[in-house]
Amino acid sequence: MEATGTDEVEKIKSKFMSAWHNMKYSWVLKTKTYFSRNSPVFLLGKCYHFKTDESGELSTNGSNFDKINTEISGNVEEFRKDFISRIWLTYREEFPQIKGSALTTDCGWGCTLRTGQMLLAQGLMLHFLGRAWVWPDALDIDNSDSESWTAHTVKKLTATFEASLTAEREPKILSNHHQGTVKRNYDDNEKRNEVYHRKIISWFGDSPLTAFGLHQLIEYGKKSGKIAGDWYGPAVVAHILRKAVEEARDPELQGVTVYVAQDCTVYSSDVIDRQCSFMDSGKADTKAVIILVPVRLGGERTNMDYLEFVKGILSLEYCVGIIGGKPKQSYYFAGFQDDSLIYMDPHYCQSFVDVSIKDFPLESFHCPSPKKMSFKKMDPSCTIGFYCRTVQDFEKASEEITKMLKSSSKEKYPLFTFVKGHSRDYDFASSPLHEENNLFSEDEKKRLKRISTEEFVLL
């Protein structure tokens, strides 16, 4: 009886916390982000120029587009379409209860898991769709102004709070926001791309059975001592993503693997072994690899000496972004202009979307407007990601990044290194590719606990 009473208290506590977080994180206005006309803008390896004869700034919400000449307007539109096409994963509410807890939302604690999801999603987009792909409907979702966003948020705030207090499952909201896009006629290639677009998003749905959904990531996090509601650091999330990809059973995902650098070192032979693991089963193809490198860009604060290196990394087309942020707030960094980083923010609470339904709405998985932040405000703890389709691509990337590391490093030692050979050659424990009974080895558990408590500031 006492246990039942405790469970009820936890459920009531969870409902009040959910109401508070939904109020806090739903109050997001569609603020304008300004870009200089005189500096190039980089987004995951693509460069855009907004330069005109006039000086000044340009906003990305469409309000100034009629003041720009045709050539520049086209480039601005290309940038907006490219940015909106990236997959945006945010706080969600009213999803199926997380196993072992009363939580049905990740508001207030799941931001680093969300930025990790965004990085992995970009890697999968490169793998299945290529960097040149953009969502044909991208510009259709950005058609609401600040007032409509505010009105929608007020309705959602009120409805969510009332629903939480009355134990209703679904808040009742009347809104025209994100009602869907116009149906288009696709050719065969576009149809194929749209199938993969939807499939990639569906892998990140907030349901217990989705491969990279919050529920699965939390289960893998338990092996490193984390539970739902905890703060997750960028290094711990990197290892969770590796396990999630490793354990994924969808046949489409068997051609991708994830490697996490050990102590700021990428061991080339370990990476290539992962890529060639297909050959053990008689298949001739190698796997694509997503390389995740947890690093620290300084002591308590980010060292500005690393700015040029970070900009160089985000200028590479095979970069899949950076899991980073400000202290206690995780962002997904995807580009830059001058000394400001361009990012997607997961701190916006949206309603649960059932991705198992045919033609589920896509709009809430695409961010309508970019945000910018000064590099000097960045928390030093972060995880950098790269995608390499083949062994040859990895070898080329390691050479290119090594040169970049050497040229940008003012210190005696670079931020991280690529070395030949296996980690075991340097007396480090090598992680097995597949562990039957335990998702993390004892050495990995010790390393993860050390990372999360000592080396990295949790975001």
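An unreviewed UniProt entry lists the chain under the name Cysteine protease, with Rynchops niger given as the organism. The record in UniProt for the chain states the following under Function (unreviewed entry): "Cysteine protease that plays a key role in autophagy by mediating both proteolytic activation and delipidation of ATG8 family proteins."

Peer 1: Outline the packing of helix α8 (residues 268-275) against helix α10 (residues 391-408), listing residues and values.
Peer 2: Viewed as axis vectors pointing N to C, α8 and α10 meet at an angle of 160°, and their least axial separation amounts to 10 Å. Compared by their axis directions, α8 and α10 come out roughly antiparallel. Here α8 and α10 pass one another in a crossing that is right-handed. Contacts from Ser268, Val271, Ile272 and Gln275 in α8 reach Val391, Phe394 and Glu395 in α10. Residue classes in the contact of α8 with α10 are distributed as four nonpolar, two polar and one charged.

Peer 1: Break down the pattern of salt bridges for me, citing the residues and quoting the values.
Peer 2: Counted by the stated rule, this structure contains 13 salt bridges. Across the pair Arg114 and Asp106 runs a salt bridge whose closest N-O atoms are separated by 2.8 Å. Residues participating in the shared-partner salt-bridge network are Arg242, Lys243, Glu246 and Arg274.

Peer 1: How would you summarise empty space enclosed by the protein if you had to cite specific residues and measurements?
Peer 2: Applying the stated criterion across every chain yields a total of three cavities of 30 Å³ or more. Here the largest cavity is characterised by a volume of approximately 40 Å³. Taken together, Leu89, Arg92, Arg114, Phe204, Gly205, Asp206, Val353, Val355 and Phe365 make up the full set of residues lining the largest cavity. Residues of the lining of the largest cavity, tallied by class, amount to five nonpolar, one polar and three charged.

Peer 1: Account for the packing of helix α6 (residues 214-222) against helix α7 (residues 234-247), naming residues and giving values.
Peer 2: Interaxial distance between α6 and α7 falls to 9 Å at its minimum, and their mutual angle equals 115°. On the basis of their axis angle, the class for α6 and α7 is roughly perpendicular. In the packing of α6 onto α7, the handedness of the crossing is right-handed. Residue-level contacts link Leu217, Tyr220 and Gly221 of α6 to Ile240, Leu241, Lys243, Ala244 and Glu247 of α7.

Rules used throughout
- The residue numbers shown here count from 1 along each chain, following its written sequence.
- Whole-chain, interface and lining totals are the exception, using all residues; otherwise, since this is a predicted model, local features are given only for residues with pLDDT of at least 70 and side-chain atom pairs are given and counted only at 80 or more.
- Processing note: side-chain calculations cover all non-hydrogen atoms of the structure and skip hydrogens and water entirely.
- UniProt positions are given in the numbering used here, feature names are shortened, and annotations may be inferred rather than shown by experiment.
- Every axis in this analysis is a line fitted to C-alpha atoms, fitted for helices over the stretch in contact. Angles between the N-to-C directions lie between 0 and 180 degrees.
- Under the DSSP-based scheme used, a helix requires at least four consecutive residues in state H or I and a strand at least two consecutive residues in state E, with every element numbered from the N terminus.
- These descriptions rest on fixed angle ranges, namely under 35 degrees for roughly parallel, over 145 for roughly antiparallel, 65 to 115 for roughly perpendicular, and the rest for oblique.
- Left-handed describes a crossing whose near helix is turned anticlockwise from the far helix by less than a right angle; the clockwise case is right-handed.
- Here a residue-residue contact requires only that any non-hydrogen atoms of the pair lie within 4.5 Å.
- Under the convention adopted here, Pro, Cys and the residues Ala, Val, Leu, Ile, Met, Phe, Trp and Tyr are nonpolar, Asp, Glu, Lys and Arg are charged, and Gly plus all remaining residues are polar.
- The term salt bridge refers to a pairing of a side-chain nitrogen on Lys or Arg with a carboxyl oxygen on Asp or Glu at a separation within 4 Å.
- Only protein atoms enter the calculation, which uses a 1 Å grid: trapped sets of points that fit a 1.4 Å probe without letting it out are cavities, open sets showing protein on both sides within 12 Å along at least five of seven lines are pockets, and any residue with an atom within 4 Å of a point is a lining residue.
- Grid points are joined across faces, edges and corners, and a volume is the space filled by probe spheres set on the points.

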